[in-house]
Amino acid sequence: MKPETRLTRIGRPHGGTGLVNPAVERGSTVLADTAHELYNAPPGKTHYGRMGLSAQSALRDALCEISGADWCALTPSGLSAMTLPLLAVVSNGGRVLAADCVYGPTRKFLTEVLPRYGVEIEFFPPRLGSGIASLMDERVQAVFLESPGSLTFELQDIPAVSAEARKVGAVVITDDTYSAGWLMKPLDLGADIAAQALTKYVGGHSDILLGAALARGNAAERLKDYERTFGCHVSPDDAWMALRGLRTLAVRMTRSAESALKIADWLSKRPEVTSVIHPARTDHPDHAIFQRDFSGASGLFAVTLRDFNRQRTEAFLDALQIFGLGFSWGGYESLAIHCGPQLRRDHGAPDDGALVRFGIGLEDPDDLIADLEKGFAAIAV
Ligand SMILES: *Cc1c(COP(=O)(O)O)cnc(C)c1O
C-alpha cells in the first residue's frame, strides 16, 4: 500500500464495533476482574488511565507505523516532546551538542535547565555535517538536531552526524516538526529519537497542543520508561483530535507546499526581497540534502527584506489582512511573523528582524499573493 492509503488505515480500533475511529474514553480507574489481574494486566490493557486508553493507543500505533518506530511517547506539547528525550538520555557530567538553529524554547531548556544537572551544552553550526567529529568525545550523551531549523531552514546531514554520534555512543534526537514525521524519516536516516510538535501539521487546525517522540529498540524502551516515570499524560480528547488531523495530513501538506512554492517564487521576484529561504528551491544551500532526505516540502519558509528596519517590517505585517500574525504554523490558516534568528551570527544569522517567516495554509495562493502586495504597498516610499 502507498503511504497515503496507509494513512487512512492505521490506528483504527481493533474489535468489532464497526467504528473507524476510536472511542474517547475518559478515565483514571480501570477496574480489574480479579485481584490477580490487577497486577498482571494482559498485553494491550492497563489498569490506570495515565498509561493512556484507546484514543491514545490508536494515535501511538498510527505514529509508530508512519515512522517505523517501536514506541511513541505522547507529551502535552511539542516542547515537552523535545525535553523528555533529552532528560531520558543525559546525566551529570555529560555533554549535549545541539545544532545552533534549534527552536528558541528548546534552546532555553538546553542552556538554562540542563546545566543545573551538571550537563554541558555546546551549539554547533547547523551545516557542520561529519565535521561534528571534531566536537565528539565519550562525554557526549546526546546530539540534538532540528532539520530544517524552523526560522532559518538549515538542513542537517542526519546520516553523517548519526554515524559520528554512534562512534561515541551518543543518542541523536531530531526535532522533526517541519516534516511532521511524514516528509522525512529521521529514524531511517540514523537518528535514535524523532520528536515533533503534533500541534503543527498533524493537529492541522490550530486547536490542540501535543507532542510525540518516537524511537526503536533500546531508545524506545528508555523513552517509554521516562514517559511513565515523569507522569506524562495527554488527554484522550487531544489524542483523538491529533488522530483526526492525521487522516488529512498528506492532502493538507501537499496543498500548503504547492501554495508555498508558488508564493516563494513570486516573492523571489519582488525588489523588496533580498533572499527567499526555502529548502525545496534550487537556490537553497542545502537543496541536495533536501532532495536526498525529504519526499516533499511543507508550507513553511522565510524571506529577508531589503533596507530593513523593524518599523518597516512591522508596517508590512500590519497591512496584511489574510495572513494572521502568529507563531503556531501548520494550521489551515496562513501566518507571518518577523523574527530574530536564534543562531550566532558567525553561524550565518541574518540581521535581527530582517527575517519574515511564512506558514502557508489552505487559502487560495492568489489571494495570499494579493495580500502580500498590500503589505508591500504599505511600505512603498
Ligand atoms: C512549535 C514548535 C515546537 C513546540 O511545539 P509546542 O506544541 O508549541 O510546544 C517545537 N519545535 C518546533 C520546530 C516548533 O515549530
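Residues numbered from 1 in each chain as written. Predicted model: local features only at pLDDT ≥ 70, side-chain atom pairs only at ≥ 80, totals over all residues. Heavy atoms only, no water.

**A closer look at the pattern of salt bridges**
Side chains bearing opposite charge may pair, as long as their charged atoms lie close to each other. Per the counting criterion, the structure on display carries 19 salt bridges. With a closest N to O distance of 2.9 Å, Asp366 and Lys262 form a salt bridge. Of this pair, Asp366 sits in helix H13 (residues 365-378) while Lys262 sits in helix H10 (residues 249-268), and the two are 104 residues apart along the sequence. Residue Asp366 is classed as partly exposed on the basis of its relative accessible area of 43%. Classification of Lys262 as partly exposed rests on a relative accessible area of 39%. Each of Arg95, Glu120, Glu122, Asp137 and Arg139 takes part in a single network of salt bridges with overlapping partners. (Salt bridge = Lys/Arg side-chain N within 4 Å of Asp/Glu carboxyl O. Helix = DSSP H or I, 4+ residues; strand = E, 2+ residues; numbered from the N terminus. Buried < 20%, exposed > 50% of the residue type's maximum accessible area, 1.4 Å probe, protein only.)

**Concerning the packing of aromatic side chains**
Summed over all chains, the structure comprises nine aromatic pairs. Plain terms: the ring middles of Phe153 and Tyr178 are 6.5 Å apart, the flat faces sit at 75 degrees to each other, and that makes the pair edge-to-face. Here Phe153 is found in the loop between strand S4 (140-146) and helix H6 (158-168), whereas its partner Tyr178 is found in the loop between strand S5 (171-175) and helix H7 (186-189), with 25 residues between them in sequence. Here the two residues Phe153 and Tyr178 agree in accessibility, since each one is buried. (Phe/Tyr/Trp six-rings, centres within 6.5 Å; stacked < 30°, edge-to-face > 60°.)

**Some points on the domain arrangement of the protein chain**
The domain architecture assigned to the protein chain consists of domain 1 (3-247) and domain 2 (250-378). Taken over C-alpha atoms, the centre of domain 1 sits 27 Å from the centre of domain 2. On the side of domain 2, 40 residues touch domain 1, which itself brings 41 residues to the contact. Both faces considered, domain 1 and domain 2 share a buried interface measuring about 3400 Å² in area, 62% of it formed by carbon and sulfur atoms. Inspection of the region where domain 1 meets domain 2 yields two salt bridges. The residue Asp286 makes a salt bridge to Arg127 at a minimum N-O spacing of 2.8 Å. If you look at where domain 1 meets domain 2, you find 13 residue pairs in polar contact (both at pLDDT 80 or more). Among the secondary structure elements, those contributing two or more residues to the side of domain 1 that touches domain 2 are helix H1 (3-7), helix H5 (104-113), strand S3 (120-124) and H6. Residue composition of the side of domain 1 that touches domain 2, grouped by class: 21 nonpolar, 13 polar and seven charged. (Domains from an automatic or database assignment. Contact = heavy atoms within 4.5 Å. Buried area = accessible area lost by both parts, 1.4 Å probe. Polar contact = N/O pair within 3.5 Å; in protein donor to acceptor, adjacent residues only side chain to side chain. Nonpolar A, V, L, I, M, F, W, Y, C, P; charged D, E, K, R; others polar.)

**Here we look at the environment of Ala378**
Its place among the elements puts Ala378 in helix H13. Counting along the chain gives 63 residues from Ala378 to Ala315, while the straight-line C-alpha distance between them is 6.6 Å. Apart from residues lying up to four places away in sequence, Ala378 is in contact with Ala315 and Ala319.

**Overview of the sheet that holds S4**
Read from one edge to the other, the open sheet built from seven strands follows the order S1-S7-S6-S5-S4-S2-S3, with strand pairing classed as mixed. Where the open sheet ends on each side, the last strands, each with one partner, are strand S1 (71-75) and S3. Across the sheet, the axes of successive neighbouring strands diverge by a mean angle of 20 degrees, strand direction being ignored. Two elements, strand S2 (residues 95-99) and S3, share five bridges in a ladder whose sense is parallel. Bridge assignment links Ala99 to a residue of S3, and that residue is Phe124. Sheet contacts for helix H3 (residues 54-67): S1 and strand S7 (211-215); angle to S1, the most-contacted strand, approximately 125 degrees. (Pairing = 2+ DSSP bridges. Axes fitted to C-alpha atoms, helices over the stretch in contact; angles between N-to-C directions.)

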